[in-house]
Amino acid sequence: ERTLWLSRHGESTYNRVNRIGGDPPLTPMGAKYARAMNAFIQNQVVPPHLDPDVDAEEIELRRKNLHVWTSTLQRALSSVESFEDGNWHTMHFKVLGEIFAGICEDMTYEEIERTYPDIWAARQKNKLLFRYPGPGGESYSDVIERLKPIIVELERMEDDLLIVTHQVVMRTLLAYFCNIPLEEMPTMTVPLHTLYKVTPKPYGAEVQVYQWDA
Ligand code: F6P
């Protein structure tokens, strides 16, 4: 039995003001969540009863059994900082990045609605298939497509895994593991400062949810 830990990054300066995309840093609250979530997982992997002097080998084995994956965006990288002390196996993938909103990147939802009412309306109509206009603009469907190789890889791996990523990627991964219908997926609630512990089972998955103050 293996464990998949899934979380969005800690609160970013954009989250505060409903601004989408971009590459903003964490807020102090976001950094606080990152530290608490990292410590929580590290404690589960290496329980405090293990003594670094006596159980060094066991501790190393347990650390090796956890892989930490994030996107390459600043807010995700900063959300696993405590895993970057050389003792853990971390990797950063561009494909784990947030949906790219094309010409709407870095705008607030209010600005999009006001500036591009047609884009706003089209998105409300079909959030799954709506592709943001502009170079590199994506739809939910496009994100699902680019995540397929990552899902194949994480199904193949037998080790435990922590993935720190973004709202749309979280919705995709949770929908995949929990068999949530595609139509419901784009509006699923996946709050900040919430850690999902997913234990895949032959049919479906067991999910435990841990929340910190947002
Ligand atoms: O607001 C945070 C964010 O991750 C944005 O970067 C992204 O565009 C958005 O969430 C996706 O959520 P929704 O599809 O509901 O707009």
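Everything in this summary refers to the structure shown in the same document. The model shown is predicted, which means the values in this text are computed figures rather than measured ones.

What counts and how
- Residues numbered from 1 in each chain as written.
- Predicted model: local features only at pLDDT ≥ 70, side-chain atom pairs only at ≥ 80, totals over all residues.
- Buried ≥ 20, exposed ≤ 12 C-beta atoms within 10 Å, placed from the backbone.
- Helix = DSSP H or I, 4+ residues; strand = E, 2+ residues; numbered from the N terminus.
- Pairing = 2+ DSSP bridges.
- Contact = placed C-beta atoms within 7 Å.
- Axes fitted to C-alpha atoms, helices over the stretch in contact; angles between N-to-C directions.
- Left-handed = near helix turned anticlockwise from the far one by under 90°.
- Nonpolar A, V, L, I, M, F, W, Y, C, P; charged D, E, K, R; others polar.

Considering the pairing of strand β2 (residues 66-70)
- Among the five residues of β2, four are classified as buried, and the element is accordingly described as predominantly covered.
- Relative to strand β4 (residues 160-165), β2 runs parallel, the two being bridged by five bridges. From the neighbouring strand, Trp-69 faces β4, where its bridge partner is Ile-163.
- For β2 and strand β3 (residues 89-92), the ladder comprises four bridges, and the chain directions are parallel. Across the sheet, Val-68 pairs through a bridge with Thr-90, a residue of β3.

Considering the environment of Ala-175
- Secondary-structure assignment places Ala-175 in helix α8 (residues 167-178).
- Along the backbone, Ala-175 and Met-185 are ten residues apart, and their C-alpha atoms lie at a distance of 6.2 Å.
- When neighbours within four sequence positions are excluded, Ala-175 is seen to be in contact with Ile-180, Met-185 and Met-188.

Some points on the packing of helix α7 (residues 140-156) against α8
- Where α7 contacts α8, the axes come no closer than 10 Å and their chain directions differ by 65°. Handedness of the α7/α8 crossing: right-handed. Mapping the contact onto sequence places Tyr-140, Val-143, Ile-144, Leu-147 and Ile-151 in α7 and Val-168, Val-169, Thr-172 and Tyr-176 in α8.
- Looking at side-chain class alone, the contact of α7 with α8 contains eight nonpolar, one polar and no charged residues.

Here we look at the environment of Thr-90
- Inspection of the secondary structure puts Thr-90 in strand β3.
- In the structure, Thr-90 is positioned 26 residues away from Lys-64 in sequence and 10 Å away in space, judged by C-alpha atoms.

What is shown is where atoms sit, not what they do.
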